[in-house]
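# Results of the structural survey
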Amino acid sequence: MFRLWAKVFKDNRMQKDLVICNDDTSLSRTKKIFAAVYEICYQFDLSKPIWLDVTVSDFKKHDKTRFTQDNFIDSIDFDYLEIHVIEED
């Protein structure tokens, strides 16, 4: 099972969180991540974030990254959205 944890932070406090699970073994890891981010944005009513080079680099190193205002075209009412892979197949 693949699980990704998303957390929204404002003023160093977690405002809301969500865990996305994916059992589809036919999908690659990248497709599972993008599908999870899409579902997170749908659930939190956000536009899809832009994956900047630093975002991709952090995610490759730590399986965790933060999306700040720089990653969104629309304005956001929080400081950052953090995603973290907590379980992989």
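The rules behind these values
- The written sequence of each chain sets the order in which its residues are numbered from 1.
- In view of the model being predicted, local features appear only for residues whose pLDDT reaches at least 70, and side-chain atom pairs are presented and counted only at 80 or more, with totals across whole chains, interfaces and linings using the full set of residues.
- Side-chain measures were taken over the full set of non-hydrogen atoms in the model, leaving aside hydrogen atoms and water.
- Note: two strands are recorded as paired if DSSP finds a minimum of 2 bridges between them.
- A run of H or I in DSSP counts as a helix once it spans at least four residues, and a run of E counts as a strand once it spans at least two, with each numbered from the N terminus.
- Structural elements are reduced to axes, namely lines fitted to C-alpha atoms, with helices fitted over the stretch in contact, and the angle between N-to-C directions of any two is expressed from 0 to 180 degrees.
- We call two residues contacting when some pair of their heavy atoms lies within 4.5 Å.
- Our working definition of a disulfide is a cysteine sulfur pair at a distance within 2.5 Å.
- Buried residues are those whose accessible area, probed at 1.4 Å on protein chains only, stays under 20% of the maximum for their type, while exposed residues exceed 50% and partly exposed ones sit between those limits.

Turning next to the sheet that holds strand β1 (residues 2-10). Strand order across the open sheet formed by four strands is β2-β1-β4-β3, with antiparallel pairing between neighbours. Lying at the two open borders of the sheet, with one neighbouring strand each, are β2 (13-22) and β3 (64-67). Taking each pair of neighbouring strands and ignoring which way they run, the sheet shows an average axis angle of 20°. Bridge count between β1 and strand β4 (residues 80-87): seven bridges; the pairing is antiparallel. Residue pairing across strands places V8 opposite L81, the latter belonging to β4. On top of the sheet, helix α1 (residues 29-44) reaches β1, β2 and β4; it is set at about 135° to β2, its chief contact. Its contacts with the sheet place helix α2 (residues 53-62) against β1, β3 and β4, and it is angled at close to 155° to β3.

Across all of its chains, the model carries zero disulfides by this definition. A disulfide-free cysteine, C21 has its sulfur positioned 17 Å from the sulfur of C41, the nearest such atom. According to the relative accessible area criterion, C21 is partly exposed, its value standing at 46%. On the accessibility criterion, C41 (2% relative accessible area) is buried.

Another aspect to go through is the pairing of β2. Where β1 and β2 come together, nine bridges link them in antiparallel fashion. From the neighbouring strand, A6 faces β2, where its bridge partner is L18. Following β1, the chain reverses through two residues before pairing antiparallel with β2; D11 in that reversal takes a positive phi of roughly 55°.

Positive phi, close to 60°, is recorded for N12, a residue that is not glycine. Tracing the backbone through its elements, the reader meets N12 in the loop between β1 and β2. Taking relative accessible area as the criterion, N12 reaches 69% and is therefore assigned exposed. Even without being glycine, D45 reaches a positive phi, approximately 55°. Within the element layout of this structure, D45 appears in the loop between α1 and α2. Looking at D45, the relative accessible area reads 71%, which means it is exposed.

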